[in-house]
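Notes for the structure review
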Amino acid sequence: MKKIIIIITIIVLISIIIFVYNRKSEKNGFTGTIYTINYCEGKDHCDKLITIGKKIPSSIKQYKSSEVAIKDFNNKKMYYKHIIKNDIVKESYVEFIIDNNMVSLKGADSSYYEHNKNVLLKIFDSNNCTISDTNIHCSAYGMYANAFQNGYVEVGYSYWNCYVSEKGNSLCSFGK
């Protein structure tokens, strides 16, 4: 009987040690929301791409709020919001401000298309939108936004364009 109690005690202690170790390893990286304005200035290779499922490259400046990101982007009213878990990007959104409203389009998630479409119809007004079999395109207030059924989302303003591709890549560029 004593041997059984000792064995059970050892098993319980080992289980506790494993549980504590796993909890610590889950807390190793950052978890939360990060804002970025990652962009390439030229058409050449650029190390500013953010990809869902990977860490944000160290070359990309990260912000704790959208307001600071906008200010650092010369007050352009668009930026990225990334949901991070243990330093890994889990979700990416193109966000923008139009007519004093913050608008968020989730990228790389085809199941989110109807939500993105409804957001655009509401914020741009359906009279400023064109819907096709595979996407919606809206334009007003000097901006445009697109959402595609495959998960691609894009916002453009004053020769700038920011997108999250259907594969989860995020990047802004100038001159599109």
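Higher on the page you've got the structure.
Below is a summary of the structure that appears in this document. Bear in mind the structure is a predicted one, so any value in this text is a computation, not a measurement. (Residues numbered from 1 in each chain as written. Predicted model: local features only at pLDDT ≥ 70, side-chain atom pairs only at ≥ 80, totals over all residues. Heavy atoms only, no water.)

It is worth spelling out the environment of Val119 at this point. Within the secondary structure, Val119 sits in helix α3 (residues 113-124). For Val119, the residues in contact, after removing those within four places along its chain, are Val103, Ser104 and Leu105. (Helix = DSSP H or I, 4+ residues; strand = E, 2+ residues; numbered from the N terminus. Contact = heavy atoms within 4.5 Å.)

On to the pattern of salt bridges, then. Where side chains of opposite charge bring their charged atoms close, a pairing between them can arise. This model, assessed by the stated rule, comprises five salt bridges. Notably, a salt bridge pairs Lys61 with Asp72, separated by 3.4 Å at the nearest N-O pair. With Lys61 in the loop between β3 (50-51) and α2 (66-72) and Asp72 in helix α2, this pair connects stretches of sequence that are eleven residues apart. Residue classification places Lys61 among the exposed residues on the basis of a relative accessible area of 53%. Using a relative accessible area of 38% as the deciding quantity, one classes Asp72 as partly exposed. In this structure, the salt-bridge partner of Glu114 is Lys117, at a minimum N-O distance of 3.5 Å. One end of the pair, Glu114, and the other, Lys117, are both in helix α3, three residues apart, so they sit about a helical turn from each other. Taking relative accessible area as the criterion, Glu114 reaches 43% and is therefore assigned partly exposed. A single network of salt bridges, built from pairs that share partners, joins Glu91, Lys106 and Asp109. (Salt bridge = Lys/Arg side-chain N within 4 Å of Asp/Glu carboxyl O. Buried < 20%, exposed > 50% of the residue type's maximum accessible area, 1.4 Å probe, protein only.)

Further remarks concern the state of the cysteines. Tallied over the full model, the rule gives two disulfides. Disulfide partner of Cys129: Cys138, at an S-S distance of 2.1 Å. Note on the Cys129 and Cys138 pair: the S-S dihedral is about 110 degrees, so by sign convention the disulfide is right-handed. As far as burial versus exposure is concerned, Cys129 and Cys138 are alike and both buried. (Disulfide = S-S within 2.5 Å.)

What follows concerns the packing of aromatic side chains. How two aromatic rings sit relative to each other is set out by the distance from centre to centre and by the angle between their planes. Counted by the stated rule, this structure contains nine aromatic pairs. Relative to Trp160, the ring of Phe73 lies with its centre 5.1 Å away and its plane at 70 degrees, an arrangement referred to as edge-to-face. Taken together, the positions of Phe73 in the loop between α2 and β4 (78-85) and Trp160 in strand β11 (residues 160-164) put the pair 87 residues apart, joining distant regions of the chain. Judged by its relative accessible area of 11%, Trp160 falls in the buried class. A centroid spacing of 6.2 Å and a plane angle of 35 degrees characterise the contact between Phe96 and Phe124, whose relative ring orientation is tilted. Residue Phe96 is located in strand β5 (residues 88-98), and its partner Phe124 is located in helix α3; the two are separated by 28 residues in the primary sequence. Of the residues examined, Phe96 reaches a relative accessible area of 0% and is grouped as buried. (Phe/Tyr/Trp six-rings, centres within 6.5 Å; stacked < 30°, edge-to-face > 60°.)

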